[in-house]
Amino acid sequence: MASLANKVAVVTGGSGTVGSGIIYQLLKAGAKVIAPVRNERGKQSLLSELESLPSTANLETPLADVSDAKSVEALGNEVKTKYGTVDHVVTAVGSWWQKGPLLQFAGLHDSCDEMLTQYQTYVMSHFIMAKVFVPLLKAAPESSFTFITGSGGEQLFNVDASMIRAQVGALFCVIDCIQVEYADKSYPRINEFRIRSWIKRHAEATGSGGYSHRVLGQYLLESCVASNTKGQLLRVADAELAFVNP
Ligand SMILES: NC(=O)c1ccc[n+]([C@@H]2O[C@H](COP(=O)([O-])OP(=O)(O)OC[C@H]3O[C@@H](n4cnc5c(N)ncnc54)[C@H](OP(=O)(O)O)[C@@H]3O)[C@@H](O)[C@H]2O)c1
């Protein structure tokens, strides 16, 4: 695995399960991490997952809402002023949604509002991050942008979770378009990391199914961020995570 010491990484979703596991491993590997959070609760949630690290001096938690274009633009300007360029970006956003089948969920107006909110979360947040941060990636073949997605966008595991299938499925298409746009460019490496496993916070991953977010974070670093993987869809399932030593 290539060294991540002193590399600058921007990671979204740090208050959540997947993002905090990735940030844990990036800090452990010596990277400087910028993790935008929406509020103090999000910051505390992230910090509580990092308590066992010797130091979090390399972590910054600016306030930003990654589903809001103006907010991300302001974040991009701050990062550019301070660092000039960044080495890696990882986008993980969006919580599990299981409120019912699309046509039976609420009335027309509430359903439309919910569809748009989830589109803003699952699709637009990744698009906005790419729009602002791909141009800030270092002009080097190792720089990378990684979209985190889930296999719930591939097929309907549960009709009550139709929103996930609809929104993450749309996100796949956006990522595909961006990968084609950058296919013949020497940088950055633009990858999709699609999770099929159940990922839990470290303290909750105690043998009853699922994997710790630290295991996932380590696998992401090895297979994608600090590797030479380029323009790929990387699928990760239990078989891959079973042999990771976090
Ligand atoms: N955990 C799994 O087993 C699993 C499996 C497959 C795929 N995934 C994928 O991994 C990603 C993250 O999942 P997770 O388990 O980490 O979820 P999570 O623990 O619920 O965290 C969700 C993250 O997204 C942020 N977020 C939600 N809505 C947002 C919005 N409108 N604007 C900005 N930020 C928003 C949350 O921020 P706040 O704290 O501020 O709300 C939080 O940081 C998702 O795309 C999911 O599909 C997860």
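Here we summarise the structure given alongside this text. Fair warning: this is a prediction, and the values are worked out from it, not measured in the lab. (Residues numbered from 1 in each chain as written. Predicted model: local features only at pLDDT ≥ 70, side-chain atom pairs only at ≥ 80, totals over all residues.)

### Some points on the overall build of the protein
Phase 1 of the analysis: Scanning the protein from N- to C-terminus turns up seven helices and nine strands.
Phase 2 of the analysis: For the protein, whose C-alpha radius of gyration is 17 Å, the value lies close to the compact-globule estimate of 18 Å for 246 residues.
Phase 3 of the analysis: Taken along its principal axes, the extent of the C-alpha atoms in the protein is 50 × 40 × 35 Å.
Phase 4 of the analysis: Scored against the burial criterion, the 246 residues of the protein give a buried share of 44%.
Phase 5 of the analysis: Of all intrachain contacts in the protein linking residues separated by at least 6 positions in sequence, the fraction that spans at least 24 positions is 73%. (Helix = DSSP H or I, 4+ residues; strand = E, 2+ residues; numbered from the N terminus. Rg over C-alpha atoms; globule rule 2.2 N^0.38 Å. Buried ≥ 20, exposed ≤ 12 C-beta atoms within 10 Å, placed from the backbone. Contact = placed C-beta atoms within 7 Å.)

### As for the site of the ligand
Phase 1 of the analysis: S15, G16, V18, S95 and G150 are the nearest of the 22 residues found near the ligand.
Phase 2 of the analysis: Only helix 1 (17-28), helix 4 (108-133) and strand 5 (144-150) provide two or more residues apiece to the shell around the ligand.
Phase 3 of the analysis: Sort the elements by how many residues they give to the shell around the ligand and helix 1 lands first, with three residues.
Phase 4 of the analysis: Tallied by class, residues from the shell around the ligand come to eight nonpolar, twelve polar and two charged. (Near = placed C-beta within 6 Å. Nonpolar A, V, L, I, M, F, W, Y, C, P; charged D, E, K, R; others polar.)

### Concerning the packing of helix 1 against helix 6 (residues 213-225)
Phase 1 of the analysis: Running from amino to carboxyl end, helix 1 crosses helix 6 at an angle of 60°, the nearest separation of the two axes being 7 Å. Relative to helix 6, the element helix 1 lies oblique. The element helix 1 and its partner helix 6 pack so that their crossing is right-handed. Between helix 1, through T17, V18, S20, G21, I22, Y24, Q25 and L26, and helix 6, the contact on the second element is made entirely by H213, R214, L216, G217, Q218, L220 and L221.
Phase 2 of the analysis: Split into classes, the residues belonging to the contact of helix 1 with helix 6 amount to seven nonpolar, seven polar and one charged. (Axes fitted to C-alpha atoms, helices over the stretch in contact; angles between N-to-C directions. Parallel < 35°, antiparallel > 145°, perpendicular 65-115°, else oblique. Left-handed = near helix turned anticlockwise from the far one by under 90°.)

### Details of the sheet that holds strand 9 (residues 233-236)
Phase 1 of the analysis: Within the open sheet, the seven strands sit side by side as 3-2-1-4-5-6-9. Their pairing is parallel. A single partner strand is all that each edge strand has here, and the edge strands are strand 3 (59-60) and strand 9.
Phase 2 of the analysis: The sheet contact formed by strand 1 (residues 8-11) and strand 4 (residues 88-91) spans three bridges and is parallel. Paired with V10 across the strands is V89, a residue of strand 4.
Phase 3 of the analysis: Strand contacts of helix 5 (residues 162-182): strand 5 and strand 6 (189-195), with the helix running at about 160° to strand 5, the strand carrying the most contacts. (Pairing = 2+ DSSP bridges.)

### Observations concerning helix 2 (residues 40-49)
Phase 1 of the analysis: Within the span of helix 2, buried status applies to G42, L46 and E49. All buried residues of helix 2 lie within an arc of 60° about the axis, which places them on one face of the element. Residues of helix 2 that are exposed and point more than 90 degrees away from the buried face comprise E40, R41, Q44 and S48. (Arc of directions from axis to C-beta.)

### Things to note about unusual backbone geometry
Phase 1 of the analysis: The amide bond that connects Y187 to the next residue, P188, takes the cis arrangement and shows omega of -10°.
Phase 2 of the analysis: Relative to the elements of secondary structure, P188 occurs in the loop between helix 5 and strand 6.
Phase 3 of the analysis: Residue N6 is not a glycine yet carries a positive backbone phi of 65°.
Phase 4 of the analysis: Inspection of the secondary structure puts N6 in the segment before strand 1.
Phase 5 of the analysis: Since 10 C-beta atoms lie within 10 Å of it, N6 is described here as exposed.

### As for helix 3 (residues 69-83)
Phase 1 of the analysis: Here helix 3 spans 21 Å end to end across 15 residues, near enough to the 21 Å set by a 1.5 Å rise per residue.
Phase 2 of the analysis: Three or more residues of helix 3 are buried, namely V72, L75, G76 and V79. Mapping the buried residues of helix 3 onto a view down its axis gives an arc of 105°, with all of them on the same face. Away from the buried face of helix 3 by more than 90 degrees, exposed residues K70, N77 and T81 are located. (Expected span 1.5 Å × (residues − 1).)

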